[in-house]
Amino acid sequence: MGLSRSRLEAALQVLSTVDQVPPLSPQAPLPFSFHLFETLPSTNEAAWKLVNQGAGAGTVAIAAQQQAGRGQWGRQWSSPRGGLYLSLVLDPKLAVEFSAQLTLASAWGIATLLRSQGIPVCLKWPNDLVLHGKKLAGILTETRVQQGRITKAVIGVGVNWTNPVPQAGINLKSYLNSQSHASVHSLEALAALILHGLALGYQFWQREGIGTLLANYSTLLLGLGQVITVNGRSGIVAGISPTGELQMQLQHPSETQSATTASGQLILLKPGTISLGYS
Ligand code: BTN
């Protein structure tokens, strides 16, 4: 059996009344329209099909299992029953070079919601949610671009709930069972948290701008301040750039590097260059 629409809608309604959950702004509503499926190749693919049929921002596709779940870097996302597989359509009107901001806003929003429930997730740049040093969830953002601007985006989120996970993964239900108090009781409640988190992150980014979002994202970022070595040069992880690269502050600056700050030289590392954050 897949998710129940009425339980999902009820869980979202409850969240909007809970004190510790940051509220959504009524000024920029993102009315959700749900499409629930038993089995799909991929909820991202289903979301794009809905967009092609005229669906707009707020459209949500959720499946109980996926047969061809898409992960980062062209990988497969293993998607057996028991996990949460969800995609949300947005229409951000954003220059394509800033597309990473959508993932950063989504990751921060989801982490904020889970943390409001006492689940101490952190962020692993650029798109992972990490709990106790293990991967709890991943985000895959896909975009449609016209004349250099994003016209539609699909934010796909996979969360380990009761599904089996590899060595580097963790599922939320097992984690909660090991705690004295469980704050999430069903897949629908988890889906409501993720959707509220996505909407929160998107609204916050649109309202406050990328500078404030990055400052908030960085407070949850694993590896900030850590010394790393890339191509034989060592530096300190200093933060994330507005285009989504990892900023490494060189310990021994040379004359040849491009970006210079008052306190030293910065190198920008593209996603996939190094891996930070797993124990
Ligand atoms: C990652 O590699 O970390 C990102 C994984 C994203 C997986 C989710 S599951 C729901 C949505 N549909 C997909 O096909 N992929 C994303």
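Attention in this report is confined to the structure presented alongside it. (Residues numbered from 1 in each chain as written. Predicted model: local features only at pLDDT ≥ 70, side-chain atom pairs only at ≥ 80, totals over all residues. Heavy atoms only, no water.)

### Description of the packing of aromatic side chains
1) Next: Under the counting rule described, the total for this entry stands at three aromatic pairs.
2) Next: Look at Phe 32 and Phe 34: their rings are 6.0 Å apart centre to centre, the planes differ by 35°, and that puts the pair in the tilted class.
3) Next: On the basis of relative accessible area, Phe 34 is assigned to the buried category, the value being 10%.
4) Next: Taking the centre distance of 5.8 Å and the plane angle of 35° together, the rings of Tyr 202 and Trp 205 count as tilted. Placement of the pair is Tyr 202 and Trp 205 together in helix α5 (residues 187-208), with a separation of three residues, close to one helical turn. Each member of the pair, Tyr 202 as well as Trp 205, is classed as buried. (Phe/Tyr/Trp six-rings, centres within 6.5 Å; stacked < 30°, edge-to-face > 60°. Buried < 20%, exposed > 50% of the residue type's maximum accessible area, 1.4 Å probe, protein only. Helix = DSSP H or I, 4+ residues; strand = E, 2+ residues; numbered from the N terminus.)

### Notes on the site of the ligand
1) Next: Near the ligand lie 21 residues; those nearest to it are Ser 42, Thr 43, Arg 70, Gln 72 and Lys 135.
2) Next: Taking Gln 66, its side chain carries an N or O atom lying 3.0 Å from a nitrogen atom of the ligand.
3) Next: In the model, an oxygen atom of the ligand is placed 2.6 Å from a nitrogen or oxygen of the Lys 135 side chain.
4) Next: Protein coverage of the free-state accessible area of the ligand, which is 410 Å², stands at 97%.
5) Next: Elements supplying a minimum of two residues to the shell around the ligand: α2 (43-52), β3 (84-90), β7 (134-146) and β8 (149-159).
6) Next: Looking at the shell around the ligand, the element that brings in the most residues is β7, giving four residues. (Near = heavy atom within 4 Å. Polar contact = N/O pair within 3.5 Å; in protein donor to acceptor, adjacent residues only side chain to side chain. Areas by Shrake-Rupley, 256 points an atom, 1.4 Å probe, with all protein chains shown as cover.)

### Regarding the packing of helix α1 (residues 5-15) against α5
1) Next: Running from amino to carboxyl end, α1 crosses α5 at an angle of 55°, the nearest separation of the two axes being 8 Å. Classified by the interaxial angle, the pair formed by α1 and α5 is oblique. Here α1 runs over α5; the crossing is right-handed. Contact residues: α1 offers Arg 7, Leu 8, Ala 11, Leu 12 and Leu 15, while α5 offers Glu 188, Ala 189, Ala 191, Ala 192, Leu 193, Leu 195 and His 196.
2) Next: Taken together, the residues of the contact of α1 with α5 break down into nine nonpolar, one polar and two charged. (Axes fitted to C-alpha atoms, helices over the stretch in contact; angles between N-to-C directions. Parallel < 35°, antiparallel > 145°, perpendicular 65-115°, else oblique. Left-handed = near helix turned anticlockwise from the far one by under 90°. Contact = heavy atoms within 4.5 Å. Nonpolar A, V, L, I, M, F, W, Y, C, P; charged D, E, K, R; others polar.)

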